[in-house]
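# Fold and geometry: a report
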Amino acid sequence: MSTLSQRIRTWSASHSEAAKPPSEGDVGKEQDLPQLVHDVQLEATQQAKLFDAQIHKMKKERRFFVKARFLFPLGIILGILLGFILVQPSDLQDIHSNLLLIMEEYDISLKIPDIDLSRVELEWRRFRNNIPEVWKLNNDGREFQVGEAMKARGLTAHYPIVLIPGIVSTGLESWSTSPEYRAFFREKLWGGFNMVSQVIFNREKWISAMMLDPVTGLDPPGVKIRAAEGVGAASSFMTGYWLWSKIVENLAVVNYDTNNLHLAPYDWRLSMSNLEERDGYFSKLKATIEGFKARQGKKTVIAAHSMGSTVMLVPDILGCFKWVESPEHGGGGSDWVENHIESYITIAGTHLGVAKAMAAFLSGEMKDTVQMNPAGAYVLERFFSRKERQKLFCSWAGSASMWIKGGTDVWGDANWAPDDEPGSSHTHGELIAFRQASVPLSAHSITPSVEPTKNMTADDASTWILERTPSTFQKMLWTNYSFGIERNEQVLKKNALDPRKWTNPLEVQLPNAPSMRIICVYGHGKETERSYWYAHGPHEYEESFVEVEHSTCTDPTDKCNYARPPSDMSFSRANRIDADYTQETTTPKVRNGVKMGEGDGTVSLLSLGAMCAEGWKRPRWNPGGIKVTTVELPHQPAPNIPRGGANTSDHVDILGSTGLNELILKVATGAGNEIEDRFVSRIREFAQRVRWD
């Protein structure tokens, strides 16, 4: 290029002198001018070719997957796959009406001709039917198979059945008509893709709608959120992520429908007492079961999942049924359960609490916590800070029912835990431990109101966590729940009249229903959070500790005083799981600050099975001699199926497992006598180590 520039300058200088009268010596130069122009043109052509070659080389060096010829077809393929997941054939007929609604909402005046999409619907249905089921995230090729196998045996619907979902499984929709929330009316704020869009684009309004009043535990002013109704309320969390739909499909094959099948959704944010006060939940459920008995002359089978076990009979048929039997509440009498309930199936029940819930209340760290299901957990983890998640959980009184129960007698102390493995380097009995020493007090410009770091048992941790929650949360906890263990049988009988005890199987007795049967079924073989390594962070201002008037936790017996926070907890030490600590070679394994134990991926084995294998076998807690059967399903997921396939026993995915579906259908169709104890873990050994006496 330098040669070309030099020649151009030479040519320009020569051209500027061309206007001068040529001298005799210039005549020869003028004769060289055409040659110079030719050389310049040739040089420019060569440089252009070189530049084109360099551009072509750069294009060839681009990776194939960033080229348009790859990205464009990929977009088409992904769009089609999403169509398989999201667009059902019946949705096509609704496109026209939905488009008109959108135009009306945004005042768009445009006439759209009516188009008959029936042919398109037919072709779309035919196209979907030719796609292998395992390619569809909502299906895995086993739809209706368990039901067909039972039907082939001649089994058919025998007992009416009621299904109770777990925490965050029920969709919640807005009935708010106040101007600021009117855009949400009849929209799902929990569950479905509308929730995701609201969280992304209307986050602050979504938070204010979903939070409960910290004092009353009910809807805040101007907000009205209610549980969705019907079987569809908990069949799927969102399109493509099933919950109860597999069980409903198989029940339908053996002749179940809405006449003998009832799914009882509830607002899982509410405490048990507020569920009845605001929604009349237990009254409605009692009436439904009595209606089944009156019409069909048969008792009802109940299947409850996760926290639903706590709501129903709080693992022990108490939550709902203690309310039903209580003369001050349901008024059903002491023999109501005996006369109306055939069997109670607790599926992955959170009987003695969930360690993950403690982490959620303390620091808002809840990846998979309480196994909302990965979809729900992802939304909260992805779009909300730890403090926002903690604030939400502390307003949701229902989630506090999963606070761990039994203290050190169940969960162990500084030297021991029932589920410690031989040769453990650290006991699970220390629920919260600190790997490093606390930051010296002199390092802070203020005097922090925290005691020196120490490892904490379940009892210590409960007190420590409560001290770091608002007094409104403490008061809610005290007025709705109890987490101890009661061994005196006379006191246990009296506790039947204390609603605070009904969600704790260690403080109440099972109903006197000797003909009823309890079946505990849960998964085993998936590593589960059991205890934690925590780390102190810097001091920070905590808005949630700004007190609400008249919210102080006061109790006549002074039992609540232990949880009063220090004087300046609004500026407190941040505490988080020590995510930097991982040690896979120790026993127990430590992964990102979490000490792993046995369970179903969410609930510890102790909570899943200790009451079933041992506690309810004792007359102290089971005076009626109800038969309790334990069925453990090994977690053996298929790696090529998104949700694990027929043999998964993950806390949520177990709802689609073949083993669970077979068990439910056998009980519902009258073949429950085929179900026997099945153990694949050491729960009987662990349960015997619990300090029951």
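Residues numbered from 1 in each chain as written. Predicted model: local features only at pLDDT ≥ 70, side-chain atom pairs only at ≥ 80, totals over all residues. Heavy atoms only, no water.

## So, the overall build of the chain
This is how the line gets drawn: Each helix corresponds to a stretch of at least 4 residues labelled H or I by DSSP, and each strand to a stretch of at least 2 residues labelled E; elements are numbered beginning at the N terminus. Buried means the residue's accessible area, taken with a 1.4 Å probe over protein chains only, is under 20% of the maximum for its type, while exposed means over 50%, and partly exposed covers the values in between. Whether two residues are in contact is decided by their heavy atoms, any of which lying within 4.5 Å being enough. For accessible areas, the Shrake-Rupley method is used with a probe of radius 1.4 Å. Any residue's cover is judged against the shown protein chains and nothing else.
In terms of helices and strands, the chain carries 24 helices and 16 strands. Every one of the 693 residues in the chain was classed for burial, and the buried ones make up 52%. A separation of at least 24 residues holds for 76% of the contacts in the chain among residues at least 6 apart in sequence. For the chain, the computed accessible surface area is about 31900 Å², with 54% contributed by carbon and sulfur atoms.

## Thoughts on the side chain of Asp578
Relative to the helices and strands, Asp578 resides in the loop between β13 (571–577) and β14 (590–591). With a relative accessible area of 6%, Asp578 lands in the buried category. Setting aside anything within four residues of it in sequence, one finds Asp578 in contact with Arg435, Trp533, Tyr534, Ala535, Asn592 and Gly593.

## Description of the sheet that holds strand β2 (residues 172–174)
For the record, the criterion: Strands pair, by our definition, only if DSSP identifies at least two bridges between them. Working convention: axes come from line fits to C-alpha atoms, limited for helices to the stretch in contact. Angles between N-to-C directions cover 0 to 180 degrees.
Within the open sheet, the three strands sit side by side as β3-β2-β4. Their pairing is antiparallel. If you trace the sheet from one side to the other, it starts and ends with β3 (188–190) and β4 (225–227), each paired once. Within the sheet, the average angular offset between the axes of one strand and its neighbour, ignoring direction, is 40 degrees. Examined bridge by bridge, β2 and β3 share two bridges and lie antiparallel to one another.

## Details of the nonpolar core
Note the cut-off: Side-chain atoms within 4.5 Å link the members of a nonpolar core, which is a set of buried Ala, Val, Leu, Ile, Met, Phe, Trp, Tyr and Cys residues.
In this structure, Ile164, Trp206, Trp268, Ile345, Ile347 and Ile432 are the most contacted members of the largest nonpolar core, which totals 147 residues. Not counting the four nearest positions on each side in its chain, Trp268 is found in contact with Ile167, Val168, Ser169, Thr170, Leu172, Trp190, Met210, Met307, Trp396, Gly398 and Ser399.

## Let's talk about the pattern of salt bridges
Any two side chains of opposite charge can pair if their charged atoms end up close together. Selection criterion: We define a salt bridge as a contact between a side-chain nitrogen of Lys or Arg and a carboxyl oxygen of Asp or Glu at a distance within 4 Å.
The final tally for this structure, using the stated rule, is 30 salt bridges. Salt-bridge contacts for Glu527 lead to Lys589; the nearest nitrogen and oxygen are separated by 3.4 Å. Separated by 62 residues along the polypeptide, Glu527 in the loop between β11 (517–524) and β12 (528–541) and Lys589 in the loop between β13 and β14 bring together distant segments of the chain. Connected via shared salt-bridge partners are Asp219, Arg226, Asp267, Arg269, Arg278 and Asp279.

## Digging into helix α19 (residues 458–467)
Buried residues dominate α19, accounting for seven of its 10 residues. Among the residues of α19, Ala458, Ala461, Ser462, Trp464, Ile465, Leu466 and Glu467 are the ones counted as buried.

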